[in-house]
Amino acid sequence: MTKGTIYDLRDQLAVGQISRRQFLKRAGALGISAAATSTLLASAASSAATRKTGGTLRVCIASGGQTDSLDPTKFLSTGDYARGHSIYNPLVALNPSMQPIPALAESWESNSTADEWVFSLRKGVTFSNGKDFTSADVLYSLQRHLRPESESPGKPLLEQVTEMKADGAHVVRMKTASPNADLPILFTQPQFMISQEGEEEFVNPSGTGGFIMKEYEVGIYARVERNPNYWGDCYLDALEWITNVDGTARMNAMMAGEYDIATEVDRNLIDLVERAPGVEIVASASGRHTNLSMMCDREPTSNHDLRQALKYCIPREQIIQNAFKGYGMVGNDHQVSPTDPFYCDEIAQRTFDPDKARHHFKKSGVDGASITLYTSDMAVSGSEAIALIYAEGAKAAGIDLQVQVAPPGSYWSKVWMQVPVCVSGWDARPTADLMLTIANKSDGSWNETAWGSERFDQLLVAARGETDATKRKGMYCEMQQMLHDDGGVGMLGFYDMIDSRRDNVVGFDPHPAGYNRDAFFATDISFA
Amino acid sequence: MVRLLIRRILLGIVVTWVVSMMIFAATELLPGDVCHAVLGQGATEKSLESCRERLQLNQPMHTRYLQWLGRLATGELGTSLANDLQISDQIGARAWNTVRLAALTALIAVPLAVLLGLIAAIRADSSVDRGISIGTLCFISVPEFFTGVLLVYILAVQLRWMPAVANYRDLTRGDFLEVIEALALPIATLTFAVLAHMTRMTRTAVLNVMSSPYIEQAVLKGASRTRVIIRHALPNAVAPIVNVIALNLAYLVSGVVVVEAIFRIPGLGTLMVESVIYRDIPTVQAIGMLFCVTYVGFNLIADVMAIIANPRLRHPR
């Protein structure tokens, strides 16, 4: 059988290594939604399409506002990421198979223990003000995150790098506090884009990206024009970024032809957009998910059988179909997505099984009426509906739990990690290591289920430093199995990122990087 | 008359002060503090504490109110919590879009409303009058977000005659025609919203005056109904009409939040909505005060106009 993530297979299909039938079979085995599969098929076909050079493309960005910035250490929204990627470059980019590929760093290698790294930088790259790009710019950009006053989201990630120094103009050497085979992927994060040494104001910053910022109005509008000296391919003459946070207004304007790309289609508008002439949905299967968080350190969810019962009564398919309108994938009670290279497909898929749920529930001896499931659309949009679907599933297994909608403003502070059972949600992380660490490491501050296992913690550290891919995958498999069997996560579903494009736009393709996906396209896109 | 004016102005100041307390109290009641809103799921006790320290959220409410009022009185609005920019600069940049939209709408809506009101009064109880009544009532009964979205759906999505959102480049750098094209649908939406109120008030005020003895005298002299209304009734009905026009003008400035959101016009309304989302309280308070001053100001003007238009108030005995 064919192997790899669905995005690997899309590439293989595009170059004819596998057949359409093999592709569809694998997509089915991974549980990829029909919608996302058809977007992938379309993108495999369009990668062969002819591209036109030139034109001005109008992109409507769904998030952002007064906190927008051109300073990478202050990037918070997809708007920041997208604009940033058009004027700057990261050291490393992430391809749709979630593998690191060269950007400003041409190559990299580590020692056998993955705690000393050498990054070789691309030569002959210039900033838009004409200055050469060198290792000094890299050190400057990265060290800005580590300043005491920095509030950068990248700061905690970068703190593992204990030493960072230039070795000539085009080599950067780094040491990490502990082995990390994923270090290059860290530098794909949008906050780690490279700005010019000495840049502090970021009013009219120079970058190495495919475009140069020409007009910028915080939270409203930006216009970038092609950088004539860009080191890579670039098709468009100019891009306009328009921020429009109102979901209905955004789609109205998209359907009326005001934008060529509009990000984030509200789920309740999907039907309308699917039918609109000239507009295509771009669905990206990703690691974004919503889950039941069952806390293992308190009654009643400290009971293993109760957790099993609550996992068996998740109507997984129904949640994908009803709450996500078919744009999602069922999960297997751990946080690693089927789009991740380390997803373990050897673990049997847990399905909706009221009989097994009833069996475990009886064994637990817990009174169903005492369980309250807290939820809020604050966790993930649609969570309130999902909780109701879930409650129906539980009822079928004889568990009569209460659903309580909590106020959104204080959901993360007063409900999440406070009550025994609530609906939670996570954005996609670039690596399985980051996802598993942040939500499950026994002493982590966001170990939401308070589940802890010494063996799991050891495996996390060992896998992070393992450079042998097969051994590494085995370790991740074991961790996923542990969570699946015993953990406090009941996976309600992975949901697709849903964006839209006009049918003459090429190169705006699905990417599993979740919220970061909008960052990848500026130089890839063209008109057909 | 001067004493009357001074009393009005003092009253306006008192009202503004009371509203300032209400605005401050209301923003205090917003669920969740700015630190929680900014840090979200990733908030830790330590980062929350340092954030609150930085924003001085640890001081008691009345201390912060007095400090705020003091700064406000000296015209210092402070800096935004969202992006550290001067609030006065941000408001200045956005206000033009809101004021321009309001002014253009007023230029169309006010004459139209008075005209329709007069026609309805001249032809009272005819089918024309009823048509105007029913039409304006229908428009006032549907909320702007519905009228706006309906107009967009018909004129922009289906017929493609108009842009669905206001194009930013046209709005900021376009010539007059481009600005009009960008603003046509917002102006239409707002016109529908404010028309009914003014039309009906004009009709009612004029018809009220029509029952007074001096009108009877004019009719007996043989003046036509149109002449009676325009020359004799309208001047005495000006006060209530100006009042309702002033209220609607104030609404055009402060009530455009919804229309600005639908058409994505970067004005004060969208700034306020964004600031609420980011819990950027100083900006919310500043815009709230601005709206309050606009209301009080327009009402003051309306009062003065009513005094000037009314001989009994102009020459009190």
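Residues numbered from 1 in each chain as written. Chains lettered and ligands numbered in written order. Predicted model: local features only at pLDDT ≥ 70, side-chain atom pairs only at ≥ 80, totals over all residues. Heavy atoms only, no water.

Along chain A, the regular secondary structure elements total 17 helices and 21 strands. Rg of the C-alpha trace for chain A: 23 Å, near the compact-globule value of 24 Å for 528 residues, within the 12% margin. Here the C-alpha coordinates of chain A stretch approximately 70 × 55 × 50 Å along the principal axes. Taking all 528 residues of chain A together, the buried fraction comes to 61%. In chain A, the proportion of contacts linking residues at least 24 apart, taken out of those at least 6 apart, comes to 69%. Where the 49 positive side-chain charges of chain A centre and where its 67 negative ones centre are 4 Å apart. (Helix = DSSP H or I, 4+ residues; strand = E, 2+ residues; numbered from the N terminus. Rg over C-alpha atoms; globule rule 2.2 N^0.38 Å. Buried < 20%, exposed > 50% of the residue type's maximum accessible area, 1.4 Å probe, protein only. Contact = heavy atoms within 4.5 Å. Lys, Arg positive; Asp, Glu negative; His and termini not counted. Charge placed at Lys NZ, Arg CZ, Asp CG, Glu CD.)

All right, on to the sheet that holds strand 1 (residues 56-61) of chain A then. Residue and element names in this part refer to chain A. With mixed pairing, the 7 strands of this open sheet are ordered in space as 8-9-10-1-11-19-12. For this open sheet the edge positions go to strand 8 (211-217) and strand 12 (279-284), each flanked by a neighbour on one side alone. Pairing between strand 9 (residues 221-226) and strand 10 (residues 238-243): 5 bridges, direction antiparallel. Bridging from a neighbouring strand, glutamate 225 pairs with alanine 238 of strand 10. (Pairing = 2+ DSSP bridges.)

Taken together, the contact pairs 33 residues of chain A with 30 residues of chain B. Summing both partners gives a buried area of about 2700 Å² for chain A against chain B, and 54% of it is carried by carbon and sulfur. Contact with chain B buries surface across chain A, with Gln66, Ile220 and Asn252 of chain A losing the most and accounting together for 23% of the total. Connecting chain A to chain B are 0 salt bridges. Scanning the region where chain A abuts chain B turns up 3 residue pairs in polar contact (both at pLDDT 80 or more). Of all elements in the fold, only strand 8, strand 9, strand 10, helix 8 (247-255), helix 14 (411-415) and strand 17 (421-426) of chain A reach the threshold of two or more residues within the side of chain A that touches chain B. No other element matches the 4 residues that helix 8 of chain A contributes to the side of chain A that touches chain B. Across the side of chain A that touches chain B, the residue classes tally to 13 nonpolar, 12 polar and 8 charged. (Buried area = accessible area lost by both parts, 1.4 Å probe. Salt bridge = Lys/Arg side-chain N within 4 Å of Asp/Glu carboxyl O. Polar contact = N/O pair within 3.5 Å; in protein donor to acceptor, adjacent residues only side chain to side chain. Nonpolar A, V, L, I, M, F, W, Y, C, P; charged D, E, K, R; others polar.)

Turning our attention to the sheet that holds strand 6 (residues 161-166) of chain A. All names here are of chain A. Strand order in this open sheet of 4 strands is 4-5-7-6, and the pairing throughout is antiparallel. Each edge of the open sheet is held by one strand with a lone partner, namely strand 4 (105-110) and strand 6. Looking at each pair of strands side by side, their axes are set apart by 20° on average, direction ignored. Relative to strand 7 (residues 171-176), strand 5 (residues 116-121) runs antiparallel, the two sharing 5 bridges. Looking at strand 7, one finds that phenylalanine 119 is bridged to valine 172. The sheet strands contacting helix 5 (residues 135-145) are strand 5, strand 6 and strand 7, and the helix crosses strand 6 at an angle near 155°. (Axes fitted to C-alpha atoms, helices over the stretch in contact; angles between N-to-C directions.)

All names here are of chain A. Among the 6 residues of strand 13 (residues 289-294), 6 are classified as buried, and the element is accordingly described as predominantly covered. Because side chains alternate across strand 13, one face comprises the buried residues His289, Asn291 and Ser293, and the other comprises Thr290, Leu292 and Met294, equally buried. In terms of strand pairing, strand 13 meets strand 17 through 6 bridges, oriented antiparallel. Residue pairing for strand 17: methionine 294 is matched across the bridge by valine 421. With 5 bridges connecting them, strand 13 and strand 18 (residues 489-495) associate as antiparallel partners. From the neighbouring strand, histidine 289 faces strand 18, where its bridge partner is phenylalanine 494.

All names here are of chain B. Its location among the elements puts arginine 225 in helix 11 (residues 225-254). Overall, arginine 225 belongs to the partly exposed group, its relative accessible area being 38%. Excluding its chain neighbours within four sequence positions, the residues that come into contact with arginine 225 are Ala121, Ile122, Ala124, Leu207 and Met210.

So, on to the environment of glutamine 90 of chain B. Inspection of the secondary structure assignment puts glutamine 90 of chain B in helix 5 (residues 87-122). Note on glutamine 90 of chain B: relative accessible area 9%, which makes it buried. Spatially, the C-alpha atoms of glutamine 90 of chain B and tryptophan 17 of chain B are 24 Å apart, while their sequence positions differ by 73 residues. In this structure glutamine 90 of chain B touches Gln66 of chain A together with Ser80, Asn83, Leu85 and Leu271 of chain B, once residues within four positions along its chain are discounted.

Reading fine detail from the predicted coordinates is not recommended where pLDDT is low. Residues and elements named next belong to chain B. On average, residues of chain B score 84 in pLDDT, and 92% of them reach the 70 mark or higher. Of all helices and strands in chain B, the one with the weakest mean pLDDT is helix 2 (residues 34-39) (66), whereas helix 5 scores best (90). Predicted complex metrics record ipTM = 0.72 and pTM = 0.83. (pLDDT = per-residue confidence, 0-100.)

What follows is about empty space enclosed by the protein. If you roll a probe as big as a water molecule over the atoms, it shows you where there is empty space left. Residue and element names in this part refer to chain A. For the structure shown, the criterion picks out 5 cavities of 30 Å³ or more. Its volume calculated, the largest cavity comes out at about 90 Å³. Lining the largest cavity are 13 residues; nearest its centre among them are Gly287, Gln335, Ser337, Asp340 and Arg429. Classifying every residue of the lining of the largest cavity gives 6 nonpolar, 5 polar and 2 charged. (1 Å grid on protein atoms, 1.4 Å probe; cavity = no way out; pocket = protein on both sides within 12 Å on 5 of 7 lines; lining within 4 Å. Points joined across faces, edges and corners; volume = space filled by probe spheres on them.)

Turning next to helix 17 (residues 469-486) of chain A. Residues and elements named next belong to chain A. Taking 1.5 Å per residue as the helical rise, helix 17 with its 18 residues ought to reach 26 Å, and the 26 Å between its terminal C-alpha atoms agrees with that figure. Considered for burial, the residues of helix 17 that qualify are Arg472, Met475, Tyr476, Cys477, Met479, Gln480, Met482, Leu483 and His484. Against helix 10 (304-312), helix 15 (432-440) and helix 16 (454-465) lie the buried residues of helix 17. The residue sitting at the N-terminus of helix 17 and contributing the capping side-chain oxygen is aspartate 468; that oxygen lies 3.0 Å from the backbone nitrogen of threonine 470. (Expected span 1.5 Å × (residues − 1).)

With that settled, consider the packing of aromatic side chains. Across all of its chains, the model carries 16 aromatic pairs over all chains by this definition. Relative to tryptophan 426 of chain A, the ring of tryptophan 416 of chain A lies with its centre 6.1 Å away and its plane at 65°, an arrangement referred to as edge-to-face. With tryptophan 416 of chain A in the loop between helix 14 and strand 17 and tryptophan 426 of chain A in strand 17, this residue pair connects regions lying 10 residues apart in the sequence. A single burial state applies to tryptophan 416 of chain A and to tryptophan 426 of chain A, both of which are buried. Each ring, one from phenylalanine 24 of chain B and one from tyrosine 65 of chain B, has its centre 5.3 Å from the other, and the planes form 65°; the classification is edge-to-face. Placement of the pair is phenylalanine 24 of chain B in helix 1 (residues 2-29) and tyrosine 65 of chain B in helix 4 (residues 61-73), with a sequence separation of 41 residues. (Phe/Tyr/Trp six-rings, centres within 6.5 Å; stacked < 30°, edge-to-face > 60°.)

Residues and elements named next belong to chain A. In this structure the tally under the stated criterion is 29 salt bridges over all chains. With a closest N to O distance of 3.3 Å, lysine 131 and aspartate 137 form a salt bridge. Measuring nitrogen to oxygen at the nearest pair gives 2.8 Å for the salt bridge that ties aspartate 167 to arginine 173. With relative accessibility at 37%, the residue aspartate 167 sits in the partly exposed group. Accessibility expressed as a relative area gives 35% for arginine 173, which makes it partly exposed. Salt bridges linked by common partners bring Asp68, Asp80 and Arg83 together as one network.

Residue and element names in this part refer to chain A. Burial analysis of helix 15 places 8 of its 9 residues in the buried class, the great majority of the element. Inspection of helix 15 places Ala432, Asp433, Met435, Leu436, Thr437, Ile438, Ala439 and Asn440 among the buried residues, and these make up the whole buried set. Against the buried residues of helix 15 lie strand 13, strand 17, helix 16 and helix 17.

Now for the pairing of strand 19 (residues 497-502) of chain A. All names here are of chain A. Among the 6 residues that make up strand 19, 6 are buried, leaving the element largely enclosed by the rest of the structure. Of the two faces of strand 19, both are covered, the one formed by Met497, Asp499 and Arg501 as well as the one formed by Ile498, Ser500 and Arg502. Inspection of the sheet shows strand 11 (residues 261-262) paired to strand 19 by 2 bridges, in the antiparallel sense. What sits directly across from alanine 262, in strand 19, is serine 500. Across 6 bridges, the pairing between strand 12 and strand 19 is antiparallel. Bridge pairing links isoleucine 281 to serine 500 in strand 19.

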